[in-house]
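# Results of the structural survey
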Amino acid sequence: MRIALEPVSSRTTIQESVYQQLRNALMAGNFDPGQTLTIASLAETFGTSNMPVREALRRLAAENALEVAANGSARIPIVTLGRLNDLCRARIAVEGLAAELGAPNLTPTDIESLERIAGEQHVIGLGANVYDLMAKNQQFHFTIYRASGSEVLLQLIETLWLRFGPYMRMLSASVEPLMRSGELDPAGEHVAIVKALKAGDFAAARDGVVADIRRTHEILQDYCPATQDEPRKGSGSGRR
């Protein structure tokens, strides 16, 4: 489900609320690559002054989720094939380790929850509700990663997902026709991961997480321009 930005009412939490809402929206792929976010428009949306918005943008820029211009406005980073490859290599390394550490710690209740999420993804996929599907995908992965017990790994993964936001936006546009044609399973590798977890095959579960990231990488490769100046597929003469 697309994350809606809401007005902030409590002065004591105003700055943190603006930051967290923007951060969640970026991770969910709610903004287009290259889109400009102005302080004035965001402040109006949140119902706040410019200051908390400016601070939130500054923090997000420090996490490399945004590029801030001299006038204080921010831009969603442009997507390129090189950045995609770099991010996916990092995701495989870090998330693969988190899955390796987390899988043995998952309780039967956790595994039941993962199985339920995978089933819900299949149902959602029938209606092609891409944003609900993305939210379930994040819930599935982070259930495994949190079980790793590693605060450092979780922080690294959140940062990677934050920087992956523009690619999630592209993915949301590309998976809908793939699901309708039956070429893409809405649950990805999640059913296989659950099966491995039930069997106690934690190495296979880790491999399933890596395979899920690789599949996303493969889909997005055809939609990413090789360079920043090359148009994306679907916006003229992009990669084919």
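Read on for an overview of the structure. The numbers attached to residues start from 1 for each chain and follow its sequence in the written order. Reporting in this predicted model follows two pLDDT cut-offs: at least 70 for local features of residues, and 80 or more for side-chain atom pairs to be given and counted; totals over whole chains, interfaces and linings ignore these cut-offs and use all residues. Hydrogens and water molecules were not included; the side-chain quantities draw on all heavy atoms of the structure.

## Describing the overall build of the chain
Think of it this way: any DSSP run of H or I at least four residues long counts as a helix, any run of E at least two long counts as a strand, and we number them from the N terminus. Helix and strand content of the chain: 10 helices and 3 strands. Ordered by position from N to C terminus, the α and β elements of the chain give α-β-α-α-β-β-α-α-α-α-α-α-α. Burial analysis of the chain (240 residues in total) assigns 48% to the buried set. For the chain, contacts bridging at least 24 residues in sequence account for 72% of all contacts bridging at least 6. The Shrake-Rupley method, run with a 1.4 Å probe, gives the accessible areas here. Residue values count only the displayed protein chains as cover. Taken as a whole, the chain presents about 11,700 Å² of accessible surface, with 51% of it coming from carbon and sulfur. Relative accessible area decides the class of each residue, using a 1.4 Å probe on protein chains only: under 20% of the type maximum gives buried, over 50% gives exposed, and in between gives partly exposed. Contacts are assigned to residue pairs that have any heavy atoms within 4.5 Å of one another.

## Quick look at the nonpolar core
Ranked by internal contacts, the top residues of the largest apolar core, which has 69 residues, are Leu-22, Ile-144 and Tyr-145. When residues of this core are assigned to domains, at least three map to each of domain 1 (14–76) and domain 2 (81–222). Aside from chain neighbours lying at most four places away, what touches Leu-22 is Leu-5, Phe-31, Leu-42, Phe-46, Ala-56, Leu-57 and Leu-60. Only buried residues count toward a nonpolar core, which is a set of Ala, Val, Leu, Ile, Met, Phe, Trp, Tyr and Cys residues joined through side-chain atoms within 4.5 Å. Note that the domain bounds were set by an automatic or database domain assignment.

## Observations concerning the pattern of salt bridges
Pairs may arise between side chains of opposite charge once their charged atoms sit close together. Here a salt bridge means any side-chain nitrogen of Lys or Arg lying within 4 Å of a carboxyl oxygen belonging to Asp or Glu. A full pass over the atoms with the stated rule returns 12 salt bridges. Residue Arg-169 pairs with Asp-32 through a salt bridge whose shortest N-O separation is 2.7 Å. Here Asp-32 lies in the loop between helix H1 (14–27) and strand E1 (36–37) and Arg-169 lies in helix H8 (residues 165–181), a separation of 137 residues in the sequence. For Asp-207, the salt bridge goes to Arg-206, with nearest N and O atoms at 3.6 Å. Accessibility expressed as a relative area gives 44% for Asp-207, which makes it partly exposed. One network of salt bridges, in which partners are shared, links Arg-23, Glu-63 and Glu-158.

## Some remarks on the side chain of Gln-121
Structurally, Gln-121 can be placed in helix H5 (residues 108–127). Given the relative accessible area of 1%, Gln-121 is considered buried. Filtering out sequence-adjacent residues up to four positions away, Gln-121 remains in contact with Leu-133, Lys-136, Asn-137, Pro-186, Ala-187 and His-190.

## A few points about the sheet that holds strand E2 (residues 67–68)
Pairing between the strands of a sheet is mediated by backbone hydrogen bonds and can be parallel or antiparallel. Spatially, the 3 strands line up as an open sheet ordered E1-E3-E2, and their pairing is antiparallel. Each end of this open sheet is capped by a strand with a single partner; those strands are E1 and E2. Taken together, the 2 bridges between E2 and strand E3 (residues 74–75) define a ladder with antiparallel strand orientation. Looking across to E3, one finds that Glu-67 is bridged to Arg-75. Being paired, for any two strands, means DSSP has found at least two bridges between them.

## Remarks on the packing of aromatic side chains
Pairing of aromatic side chains here covers Phe, Tyr and the six-membered ring of Trp, requires ring centres within 6.5 Å, and sorts the geometry by plane angle: under 30 degrees stacked, over 60 edge-to-face, intermediate tilted. All told, the structure shown has 3 aromatic pairs when counted by the stated rule. Between Phe-142 and Tyr-145, the aromatic rings sit 5.7 Å apart at their centres with planes inclined by 70°, giving edge-to-face as the arrangement. Taken as a pair, Phe-142 and Tyr-145 lie in helix H6 (residues 130–146) at a separation of 3 residues, close to a single helical turn. The burial state of Phe-142 is the same as that of Tyr-145; both residues are buried. Here the aromatic cluster, defined as three or more aromatic residues joined through ring pairs, consists of Phe-142, Tyr-145 and Trp-161. We call a charge positioned over a ring when the NZ of a Lys or the CZ of an Arg lies within 6 Å of the ring centre and within 35 degrees of the ring normal. Its guanidinium or amino end placed over the ring of Phe-164, Arg-91 lies 4.9 Å from that ring's centre, counting from NZ or CZ.

## A look at the environment of Phe-142
Residue class for Phe-142 comes out buried when judged on its relative accessible area of 2%. Separated by 40 residues in the primary sequence, Phe-142 and Gly-102 have C-alpha atoms spaced 9.9 Å apart. Residue contacts for Phe-142: discarding those within four places in its chain leaves Met-27, Leu-154, Ile-157, Glu-158 and Trp-161.

## Description of the environment of Arg-59
By the secondary structure assignment, Arg-59 is in helix H3 (residues 50–62). Its relative accessible area of 23% is what places Arg-59 among the partly exposed residues. Spatially, the C-alpha atom of Arg-59 lies 9.7 Å from that of Arg-23, the residues being 36 residues apart in sequence. In this view, Arg-59 contacts Glu-16 and Tyr-19; residues no more than four positions away in its chain are not counted.

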